[in-house]
Amino acid sequence: MTLDLKKKYQDRLQRAVAQNDYTNAAKMIKALDALHKLHAGETIEWGNEPWEKELRNELSDNFVPSPGEALSLSASTVETYLECPLKYRFKQIDKIPESASRPQLTFGNIIHKVLERFHGSEGNITEDQILQILDEEWKSGEFTYMQREEKLKEQAVEMLKRYVHNTKQEPPDVLDTELKFSFDLDGIRIVGMIDRIDNSSNGNKVVDYKTSKRSTPAKNSVQLGIYSLYLQQAEDEKLAGIPETATLYFLRDEEQPEHSHAFTEKDLDAIREKITDVARGIRARQFEPCSGYHCDWCDYKNLACPAWES
Ligand code: SF4
């Protein structure tokens, strides 16, 4: 369901009441009640009344694939479902927009672009070079407040200088950056993009940059697991094989920016199972809310989430 659909039915209800057409108004209320239940992750027993057929048709564009139909997932959508199935539904199926202003997202995108260009350019690894790229990529005006923009730019300069300092000690032999991929896994299309792949003596290494404040272990990362699964089955000889290590590089972490893990076949089997469980849940339309501390960072908490309705 989209918010547009809810608004449409609210408008129709208002019109029906204004015209004293209470028979129609009662149908609109039933439709709104059904939409509310779907929002809350409840299952609807559909009947054959005309309003039900109409609503089902309108929802069908947004409905999820049934078993056997193609389902496309990325690391981020799998992680969203694992965190909260209802959040997955709001974002991926209902397409309810998250808050318009996302400075941290813009910031992360700029840093990723800078690092992609930095590793794609010729010559030595220098501070001047990376800061020049940062100036070229910085998007003035994309941040709501000037003060905030200045603070974020300072942070970017600091973290990129530190990155150059750390990377200079042992420059990577970069094979590829921002590598888009897709592959099929047990009837599920997996899509994604790997920030960096390095060549090393014992196979390849994959690196994913993080601008988040909190560092997390690489071993539990579904994202790194998916990258490793992709490379495990890749046909390109230069990339094929489970990577020697998979690394989350936390650019804000001054003490220990690199968190690495060497995924084993067994680890990858567990990731595969996690993904198929998620796909099964989505296809069975299981979208119960799962509330917790993570709700504090969820845009739907005050927007649409029934778990936080007072
Ligand atoms: S606020 Fe919490 S329970 Fe509600 S959708 Fe977001 S993550 Fe799920």
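Being a predicted model, the structure only gives us computed values, none of them experimental. (Residues numbered from 1 in each chain as written. Predicted model: local features only at pLDDT ≥ 70, side-chain atom pairs only at ≥ 80, totals over all residues. Heavy atoms only, no water.)

1. Focus on the site of the ligand
Taken together, the residues surrounding the ligand are Cys84, Lys87, Pro289, Cys290, Ser291, His294, Cys295, Cys298, Lys301, Cys305 and Trp308. A per-class count over the shell around the ligand returns 7 nonpolar, 2 polar and 2 charged. (Near = heavy atom within 4 Å. Nonpolar A, V, L, I, M, F, W, Y, C, P; charged D, E, K, R; others polar.)

2. Examining the pairing of strand S2 (residues 173-185)
Relative to strand S3 (residues 188-200), S2 runs antiparallel, the two being bridged by 11 bridges. Bridge pairing in S3 places threonine 177 opposite arginine 196. Between the antiparallel neighbours S2 and S3 lie 2 residues, among them aspartate 186 with a positive phi of about 50°. (Pairing = 2+ DSSP bridges. Helix = DSSP H or I, 4+ residues; strand = E, 2+ residues; numbered from the N terminus.)

3. Considerations on the environment of glutamate 98
With respect to the helices and strands, the residue glutamate 98 is situated in the loop between helix H5 (85-93) and helix H6 (103-120). For glutamate 98, a relative accessible area of 23% puts it in the partly exposed group. Through-space distance from the C-alpha of glutamate 98 to that of leucine 303 is 8.9 Å; in sequence the pair is 205 residues apart. Ignoring any residue separated from it by four or fewer positions in sequence, one finds glutamate 98 in contact with Lys91, Asp299 and Tyr300. (Buried < 20%, exposed > 50% of the residue type's maximum accessible area, 1.4 Å probe, protein only. Contact = heavy atoms within 4.5 Å.)

4. Remarks on the packing of helix H4 (residues 75-83) against helix H9 (residues 222-233)
At their nearest, the axes of H4 and H9 sit 9 Å apart, and the two run at 140° to each other. Regarding the angle of H4 to H9, the classification is oblique. Between H4 and H9 the crossing geometry is right-handed. For the pair H4 and H9, contact is made by Ala75, Val78, Glu79 and Leu82 and by Val222, Gln223 and Ile226, respectively. Across the contact of H4 with H9, the residue classes break down as 5 nonpolar, 1 polar and 1 charged. (Axes fitted to C-alpha atoms, helices over the stretch in contact; angles between N-to-C directions. Parallel < 35°, antiparallel > 145°, perpendicular 65-115°, else oblique. Left-handed = near helix turned anticlockwise from the far one by under 90°.)

5. Quick word on the pairing of strand S6 (residues 258-261)
Only one face of S6 is covered, namely the face carrying His259 and His261; the face carrying Glu258 and Ser260 is uncovered. Taken together, the 4 bridges between strand S5 (residues 245-250) and S6 define a ladder with antiparallel strand orientation. Residue pairing in the sheet places leucine 248 in a bridge with histidine 259 of S6.

6. Examining the domain arrangement of the protein
For the protein, the assigned domains read domain 1 (1-63) and domain 2 (68-310). The straight-line distance from the C-alpha centre of domain 1 to that of domain 2 is 38 Å. (Domains from an automatic or database assignment.)

7. A look at the packing of aromatic side chains
Throughout the structure, instances matching the rule amount to 12 aromatic pairs. Relative to phenylalanine 287, the ring of tyrosine 88 lies with its centre 6.2 Å away and its plane at 5°, an arrangement referred to as stacked. On the criterion of sequence distance, the pair formed by tyrosine 88 in helix H5 and phenylalanine 287 in the segment after helix H10 (265-283) is long-range, its members being 199 residues apart. With respect to burial, tyrosine 88 and phenylalanine 287 carry one shared label: buried. (Phe/Tyr/Trp six-rings, centres within 6.5 Å; stacked < 30°, edge-to-face > 60°.)

8. A look at H4
Taken as a whole, H4 has its buried residues at Ala75, Thr77, Val78, Thr80 and Tyr81. Turning to H4, the residues buried within the fold contact strand S1 (71-74), H5, S3, H9 and H10.

9. Some remarks on the packing of H6 against helix H7 (residues 127-137)
One way to put it is that H6 packs onto H7 with a least axis distance of 9 Å and a crossing angle of 135°. Between H6 and H7, the crossing angle belongs to the class labelled oblique. The way H6 lies across H7 gives a crossing that is right-handed. Residues Ile110, Lys113, Val114, Leu115, Arg117 and Phe118 of H6 form the contact with H7, whose participating residues are Gln129, Ile130, Ile133, Leu134, Glu136 and Glu137. In terms of residue class, the contact of H6 with H7 is built from 7 nonpolar, 1 polar and 4 charged.

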